[in-house]
Amino acid sequence: MYSYNLTHLKQLESEAIFIMREIASQFERPVLLFSAGKDSIIMLRLAQKAFWPAKIPFPLMHIDTEHNFPETIAFRDKLVGQVGTRLIVRSVQDSIDQGRVAEESGTSASRNNLQTTTLLDALEEHQFDAAFGGARRDEEKARAKERFLSHRDEFGQWDPKNQRPELWNILNGKKQPGEHFRVFPISNWTEMDVWQYISLEGLEIPSIYFSHQREILDRNGILLAKSDFINAQDHESFNERTVRFRTVGDMTCTGAVESTASNVEAIIQEVASALVTERGGRVDDKRSETAMEDRKKEGYF
């Protein structure tokens, strides 16, 4: 444990717990979006603390591209079993099979963008009126525009100009039938806060966050892990490198970073000196200057 003052983490924790309790009291059918990434793991811990000793009063839901890191899926199932809460899984493959979306083709094909339709269909199927997400304002410029409660219209879409003020921590959850909210309790956290909280709480996380040997393809500076979903071009080849992942997502668009950080303490030191943002290795964010904002407007997380 570190000797420096971690009081700010308790303040952030208290703020997040307050938001979770407010949503549970204002909304009829909340759900926690859960990918088994570090942010959603923290969200799950905060939900446990918010409602202890009662059980978490809402289910978890994972929108599965089926192109995920196998270590993450194994960790997801293990953690959900330990917590003893309900997990809903909805698959992008089902959306493809039903003709709701079309599989992308080409070298940079990914299912990441296709998650939006699967998510909106799942929210409508279960009539969820509030969906907790682990987005943080420091991740990407479009997310910096978000408030704690992000209003979505009857089509599940986000209008950054049509959001409610949140003065004095008053959260306005009023909505019309068919509308819903995304809720971001850890908006004010940074990547450093996340790792310090993981250390403080002793949270277990998927192994891909730590340094390991992996066959990697360097595609325009993005280090992609070898998988059945990545096709090397004639001029490309996979080589074994020592890497870790700063974010968890679809294997087709989540890049690794070269690193020797094999424990949480080493990761904290690495984050403190990082010159590239946490999502700097995400191919999906680089499709255009407004890639994330465009997806959010369509109903993305």
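See the structure printed just above.
These notes cover the structure that comes with them. Only a predicted model underlies this, so the values are computations on that prediction, with no experimental measurement involved.

## Considering the packing of aromatic side chains
Here the distance between the centres and the angle between the planes together describe a pair of aromatic rings.
Then step 1. Going through the model one piece at a time under the given rule, you end up with six aromatic pairs.
Then step 2. Ring geometry for Phe27 and Phe181: centres 5.6 Å apart, planes at 70°, overall edge-to-face. Separated by 154 residues along the polypeptide, Phe27 in the loop between α1 (7–26) and β1 (30–33) and Phe181 in strand β6 (residues 180–183) bring together distant segments of the chain. Here the two residues Phe27 and Phe181 agree in accessibility, since each one is buried.
Then step 3. Chaining the aromatic ring pairs together yields one cluster made of Phe51, Phe58 and Phe132.

## A short note on the pattern of salt bridges
Then step 1. Under the definition given, this model contains 18 salt bridges.
Then step 2. Its salt-bridge partner being Lys78, residue Glu204 comes within 2.8 Å of it at the nearest N-O pair. Taken together, the residues span a long stretch of sequence, with Glu204 in the loop between α6 (191–201) and β7 (212–219) and Lys78 in helix α3 (residues 70–83) at a distance of 126 residues.
Then step 3. Judged by its relative accessible area of 40%, Lys78 is partly exposed.
Then step 4. We note a salt bridge from Arg219 to Glu236, for which the minimum N-O separation is 2.8 Å. Within this pair, whereas Arg219 is found in strand β7, its partner Glu236 is found in the loop between β8 (222–225) and β9 (239–244), the two being separated by 17 residues in sequence. Grouping residues by exposure puts Arg219 and Glu236 together as buried.

## A few points about the side chain of Arg246
Then step 1. The residue Arg246 is located in the loop between β9 and β10 (257–258) in this model.
Then step 2. Reaching out from Arg246, the side chain makes a polar contact with the side chain of Glu191 at a distance of 2.7 Å.
Then step 3. The residues touching Arg246, leaving out its near neighbours within four places in the chain, are Lys38, Glu191, Tyr209, Val257, Ala274, Val276, Thr277 and Glu278.

## So, the sheet that holds β10
Then step 1. The antiparallel open sheet is built from four strands, whose spatial order is β8-β7-β9-β10. If you trace the sheet from one side to the other, it starts and ends with β8 and β10, each paired once.
Then step 2. Where β7 meets β8, four bridges bridge the pair, whose relative direction is antiparallel. Within β8, the position partnered with Leu217 by the bridge is Leu224.

Scoring rules and cut-offs
Residues numbered from 1 in each chain as written. Predicted model: local features only at pLDDT ≥ 70, side-chain atom pairs only at ≥ 80, totals over all residues. Heavy atoms only, no water. Phe/Tyr/Trp six-rings, centres within 6.5 Å; stacked < 30°, edge-to-face > 60°. Helix = DSSP H or I, 4+ residues; strand = E, 2+ residues; numbered from the N terminus. Buried < 20%, exposed > 50% of the residue type's maximum accessible area, 1.4 Å probe, protein only. Salt bridge = Lys/Arg side-chain N within 4 Å of Asp/Glu carboxyl O. Polar contact = N/O pair within 3.5 Å; in protein donor to acceptor, adjacent residues only side chain to side chain. Contact = heavy atoms within 4.5 Å. Pairing = 2+ DSSP bridges.

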